[in-house]
Amino acid sequence: TGGASSSSQLAKVPRGLLNPEQLKAVQEIERNDRAKVGLEILRFKALSPQQKRFSPQHTRVRSLQHSFGSVAGAVSDDVVMIGQSQAASGSPTAARREEERQRMIQEKEKKVQENQREAEEQVRLYALEYAPSLLAGKAHAETVAKEASDKNSQLETELSHKEVKIMTLEQQVEELQQKLAEMQAASAPATTSGPKTPIDLANEGVDEELLKKIRRSFGPKEVIVENYDLDITQEKIDAMKDGEWLNSEVIMWWLEWWRERTGGGSQKEMPKGMDGIGKNWFANTYFYSKLTDEGYSYKNVKRWTKKIKIFECDKMIIPINSNNVHWYLACINFKQKRTEVYDSMGSNHDEVHDQLMKWLKDEHQDKLGKPLEGGWTKWYAKQNNISVPQQMNCFDCGVFACMFAACVSVDCVPFNFTQADIRLIRRWMVQVMYKEGVKLGNCAHPNLLD
């Protein structure tokens, strides 16, 4: 148990071979070694990161840590305390560094506190300066919003009242239209003799069950009747429903059918006439629009009467489609030497009278080789106390034009129909087209009459 060399050799001997005095000596050596390691590690930890990197202790401390593991946990509390005390007394530089670090931390904390106080002061000053205007702006915005809300409520109330008034007015207009139609019906003269008019034929009966079968049985493209170079399909007679404008092809077909029924003439033949019915020549529905193309153009229709001795006819029936939005009827009455116009919207159409008079003069000169004799006049129904039935809507003009043509052709003026009869006439016209298709053998469903 003598010197340091023998002590170091004892530390290498297994513990089980040592006697108590030798074991005590070995333990004392180990305690001294641990204290030295702990002190060296504490000194190293007191260095800054950059100092640690270049310190000659760096490699040794890493080796000691590797060899001894976590020395701080292995040494006893008293050894650590001794090491710390030695480090404090033996390393005044580390203590100064710690003091400097603490001072810098305190300065930073003080700076942060000053910045925070400065920010709080700025917020307080901003609030004092702008708070009144912000509050005033908020109050103004709330006032404007309330006024807008009140105004909207007022407008909604006014709109509701106006809607009620409109509904009331519409109801009153409908009632007045009905009363006017009834008055017209009551004032219309009854037909006691002479050829039957469309309303006379319609009053003989419309088969409502047949009309229902027609609507159910035909597809849109299926033919109901084909004649006069026109095919009338289900989609075309859909326009015969109440509230619809008549299809122009339906109007053309129906006028051709009526012309043929009453012995009227066409572009290809002179009228034959019938008992009680004069010789009426029916112009094509495009006649007037061609005549007035570019203002007035006789040459456009010059050939349309090439086969016709027009001045030997009693009347010339001229259906007119104005700009594809309105139908009405014009007539040249050769027997009474006058031009006539019948419009369900009440217009006199002075320009139509003028154009037809020009045509008469050009036609007489072209076909007979001499000027038109005098005595011709423009005749107006109103000036002669003749009531022309008026439509009470914007969609029945096509039906009225057909009725005007039919009535004028059989000399039924004053007229014997009114707006109240139009619904019945529409349904009767569909029935006529279906029965004609069955008779001609070109109807897609001819067995609906069974």
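The structure this text deals with has already been given above.
Reading the values: the criteria
Residues numbered from 1 in each chain as written. Predicted model: local features only at pLDDT ≥ 70, side-chain atom pairs only at ≥ 80, totals over all residues. Heavy atoms only, no water. Buried < 20%, exposed > 50% of the residue type's maximum accessible area, 1.4 Å probe, protein only. Helix = DSSP H or I, 4+ residues; strand = E, 2+ residues; numbered from the N terminus. Pairing = 2+ DSSP bridges. Salt bridge = Lys/Arg side-chain N within 4 Å of Asp/Glu carboxyl O. Phe/Tyr/Trp six-rings, centres within 6.5 Å; stacked < 30°, edge-to-face > 60°. Lys NZ or Arg CZ within 6 Å of the ring centre and 35° of its normal.

### A look at the pairing of strand S5 (residues 326-333)
No. 1: With eight of its eight residues buried, S5 lies for the most part within the structure.
No. 2: Residues His326, Tyr328, Ala330 and Ile332 point to one face of S5 and Trp327, Leu329, Cys331 and Asn333 to the other, with burial holding for every one of them.
No. 3: Where strand S4 (residues 315-322) folds back on S5, the antiparallel hairpin that results is connected by three residues, among which Asn323 adopts a positive phi of roughly 55°.
No. 4: As paired elements, S5 and strand S6 (residues 338-342) share five bridges and run antiparallel to each other. Note that in S6 the partner of Ala330 across the bridge is Val341.
No. 5: Where S5 folds back onto S6 in an antiparallel hairpin, the turn is made up of four residues, including Lys337, whose phi is positive at roughly 50°.

### Overview of the pattern of salt bridges
When the charged atoms of two side chains lie near each other, side chains of opposite charge can form a pair.
No. 1: By the definition in use, this model includes 23 salt bridges.
No. 2: For Glu249, the salt bridge goes to Lys236, with nearest N and O atoms at 2.7 Å. Of this pair, Glu249 sits in helix H11 (residues 248-261) while Lys236 sits in helix H10 (residues 234-237); the two residues are 13 residues apart in sequence, bridging distant segments of the chain.
No. 3: Judged by its relative accessible area of 26%, Glu249 falls in the partly exposed class.
No. 4: Of the residues examined, Lys236 reaches a relative accessible area of 14% and is grouped as buried.
No. 5: Among the salt bridges present, the one from Lys367 reaches Asp366, with a minimum N-O distance of 3.0 Å.

### Here's the deal with unusual backbone geometry
No. 1: Pro414 follows Val413 through a cis peptide bond whose omega is 10°.
No. 2: With respect to the secondary-structure elements, Pro414 resides in the loop between helix H14 (397-409) and helix H15 (422-440).
No. 3: Not every positive phi belongs to a glycine, and Asp229 is a case in point at roughly 60°.
No. 4: For Asp229, a relative accessible area of 77% translates into the label exposed.
No. 5: In this model, Lys337 sits at a positive phi of 50°, which is unusual for a non-glycine residue.
No. 6: In this structure, Lys337 sits in the loop between S5 and S6.
No. 7: Owing to a relative accessible area of 24%, Lys337 belongs among the partly exposed residues under this scheme.

### Concerning the packing of aromatic side chains
No. 1: Inspection of every chain in the model, using the stated rule, returns 19 aromatic pairs.
No. 2: Both rings, one in Trp257 and one in Trp428, keep their centres 6.1 Å apart while their planes meet at 70°; by these two values the pair is edge-to-face. Taken together, the residues span a long stretch of sequence, with Trp257 in helix H11 and Trp428 in helix H15 at a distance of 171 residues.
No. 3: On the accessibility criterion, Trp257 (10% relative accessible area) is buried.
No. 4: Aromatic rings pair up to connect Tyr342, Trp379, Phe400, Phe404, Phe415 and Phe417 into one cluster.
No. 5: A cation sits over an aromatic face here: Arg338 above Trp379, 4.4 Å from the ring centre.
No. 6: It is Lys358 that lies over the ring of Tyr296; its NZ or CZ is 5.4 Å from the centre.

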